[in-house]
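Per-entry structural report
For reference, the chains in residue letters:
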There are 2 protein chains.
Amino acid sequence: MGPVLLTGAGGHVGRTILDRLAEAYDWRLLYFTEPTGDPPGPYVVGDIRDRETVRAAVEGCEAVIHLAADPRRDAPWKSVLANNIDGTHPLYDVAVAAGVERIVYASSNHAVGAYEDDRAPELYRAADDFLLDGTAPPRPGNKYGISKATGELIGRYYHDAHGISVCNVRIGNLNEDHPPVDYKRGQAMWLSPRDCAQLHDRALRAEYDYEIVYGISDNDRRYYSIERAREALGYEPEDNSAEWDGRERIED
Amino acid sequence: MGPVLLTGAGGHVGRTILDRLAEAYDWRLLYFTEPTGDPPGPYVVGDIRDRETVRAAVEGCEAVIHLAADPRRDAPWKSVLANNIDGTHPLYDVAVAAGVERIVYASSNHAVGAYEDDRAPELYRAADDFLLDGTAPPRPGNKYGISKATGELIGRYYHDAHGISVCNVRIGNLNEDHPPVDYKRGQAMWLSPRDCAQLHDRALRAEYDYEIVYGISDNDRRYYSIERAREALGYEPEDNSAEWDGRERIED
C-alpha cells in the first residue's frame, strides 16, 4: 500500500508499532519534538493542531494512524480540549482533503471507564462473563476519556460525510513488556506489544467502514469483548496476561 | 423548587421557555449580550466560557437549563469548539461545585443527523415506522452536531463522577409558531412552542439519573421516538404538525 502517516510517533504506542513494523510500511512520521535515533521514514516535527504541519505530514499518504495526544489519564480539561479534541479535527479535515482512505484512531479504555465504577472489582475476575462491546455508549471515566470519545465522534462525522474508513481502537494498557503481576485491572486490559503491533497492522489492511474495537490481548480477566476486532480486522491476539512467562496465575 | 439558571436566555429556545414559564420558576438568567425588555429574574451578562461569569450566575441555583451555544447548523469548527464544547465544560464543573442537582442540556437533532442520509426522504413519511431512540449512538450531521454530542458526553462524565442528574434534550425544529407547510423534514421534527415549554418544565421536575430524549411534538411524520420523554419525564405533547390549524394534511 501507499505511505502511512503515524502521528505521535515518539510516544509509547508509536514506538511500539514502529519497533515491530518498521519495514512493513512506507512510513511518514509526525513528531511533537525532534526525534532521537534514526526514524524509519521521513518525518515532520510540529504541533498536531497546526493545519500546515499536518498538511505537510499527510501529503501523499494512503492511511493514517493517529496517536498524537496528551496521554495522561488525569490530564486537565484545557489540555485534552486543545491537544486531543482540537488536535484531531484538523487531521481528519486535512486527510480527507488530501485523499487519505482510512484513519486508525487511538481511542482509549477511558472512553468507557465509568462502566467499571458500577461493577469493579468483580469485573476483573476471570470467572465474570461481563463483556463490554463497541456498541455500548461511551461513559468516560475522566476528561481524557471525554476527549477520546469525542475523537470517535469526529471520525463518525468524517466517515458519514466523506466516506473515509475509520477504525477507533480503544486501547487498553500498554505499559510494560509483561502484564502487571499484582494488579487485576491491569491484567484485564493488558495489550502486549506484539498484539498492539498486530492489531494496528490488521487495522491498516482490513476492509471496513466505521469500527470501534477494543485493543487488548486475549486476557482471561478481560471485560472488553475482542470479538469485533477478530471479525472486522482479523485480529488474532497471541498473548494472555494469565499465561505470561511462567508467572503463577492468579486464581480468582 | 429553588432558583433555576437558564443560560442562553436571549436565544430562541430561551425566549420560548421564558414566555410560557416566566412565573413558574425563580429564574436566574445568563445572557451573552445585554437583554432588551424586562427579564423575568436577576441576570448576568457574559461569556459562557468564563468561569467567574458562570459562577456568579449559578450561585444558589438548584437546577440549570443550559442552552447557550452557537446554534448555527453550519457553524465552523472553531466556533463550536469554543462556544459549545469549551462552553459546556465550565458550566458542569462550576455547577457541580455549587451543589446544583440537575442540568437540562440542549442537545440537538444534529447529533444524529447523519442517520437521515441513509434513509431520507422515506424517513419523513407518516407511513414509515422507523424511529430513532436515545440509545442509538450519535452520528453527527455537521460540526454543530459533533459539539452537541460532545456536550452529552460531558454530562455523562459529570453524572457518573459526581451524581448530578442530567437530561439531554435532542431538540428538533423550533423555528416557527406553526410547522413548515411544504417541508416534510421540518414537519417530522417540529417542536411547537408550548411543547417546548412543557418538555423543559417536565425535565426540571421529573426524577431521573441520566437521560437522552428527543424534543419534538407528536408529529405523524416523526422519526424520533418520544417514548423515552413520555416515560422518563411524563412529557405529553399537545401538538402534531399534521394537525396544525386546519391546514391541509399532506398525505404521504
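Model, not experiment: these values are computed from the prediction.

What to know about the sheet that holds strand S2 (residues 27-31) of chain A
Residues and elements named next belong to chain A.
- Here we have seven strands laid out as an open sheet, ordered S3-S2-S1-S4-S5-S6-S7, and parallel in their pairing. Across the chains shown, the open sheet's two edge strands, defined by having one partner strand only, are strand S3 (43-45) and strand S7 (210-215). Shown here is a sheet whose adjacent strand axes are inclined to one another by a mean of 15°, direction ignored.
- Bridge analysis of strand S1 (residues 4-7) against S2 gives four bridges, and the strand direction is parallel. In the strand pairing of S2, Val-4 is matched with Trp-27.
- Across the sheet, helix H1 (residues 12-21) lies against S1, S2, strand S4 (63-66) and strand S6 (165-171), angled at about 155° from S2, the strand it touches most.
- On top of the sheet, helix H6 (residues 143-162) reaches strand S5 (102-108), S6 and S7; it is set at about 160° to S5, its chief contact.

Focus: the nonpolar core
- Residues A:Leu5, A:Trp77, A:Ile103, B:Leu5, B:Trp77 and B:Ile103 are the most contacted members of the largest nonpolar core, which totals 60 residues.
- Excluding residues that lie within four positions of it along the chain, B:Trp77 makes contacts with A:Ile85, A:Asp86, A:His89, A:Ile154, B:Ile85, B:Lys143 and B:Ile146.

Overview of the interface of chain B and chain A
- The partner chain A presents 23 residues to the 23 residues of chain B that form the contact.
- Where chain B abuts chain A, roughly 2,100 Å² becomes buried across the two surfaces, and 68% of that area is made up of carbon and sulfur atoms.
- Counting the surface chain B buries against chain A, the share from its top three residues, B:Trp77, B:Leu153 and B:Tyr157, is 28%.
- Summed over the shared surface of chain B and chain A, the result is four salt bridges.
- Across the pair B:Lys143 and A:Asp93 runs a salt bridge whose closest N-O atoms are separated by 3.6 Å.
- For the pair chain B and chain A, the interface holds nine residue pairs in polar contact (both at pLDDT 80 or more).
- For the side of chain B that touches chain A, the elements supplying multiple residues, two or more each, are helix H3 (77-85), helix H4 (89-97) and helix H6 (143-162) of chain B.

Procedures and definitions
Residues numbered from 1 in each chain as written. Chains lettered and ligands numbered in written order. Predicted model: local features only at pLDDT ≥ 70, side-chain atom pairs only at ≥ 80, totals over all residues. Heavy atoms only, no water. Pairing = 2+ DSSP bridges. Helix = DSSP H or I, 4+ residues; strand = E, 2+ residues; numbered from the N terminus. Axes fitted to C-alpha atoms, helices over the stretch in contact; angles between N-to-C directions. Contact = heavy atoms within 4.5 Å. Core = buried A, V, L, I, M, F, W, Y, C linked by side-chain atoms within 4.5 Å. Buried < 20%, exposed > 50% of the residue type's maximum accessible area, 1.4 Å probe, protein only. Buried area = accessible area lost by both parts, 1.4 Å probe. Salt bridge = Lys/Arg side-chain N within 4 Å of Asp/Glu carboxyl O. Polar contact = N/O pair within 3.5 Å; in protein donor to acceptor, adjacent residues only side chain to side chain.

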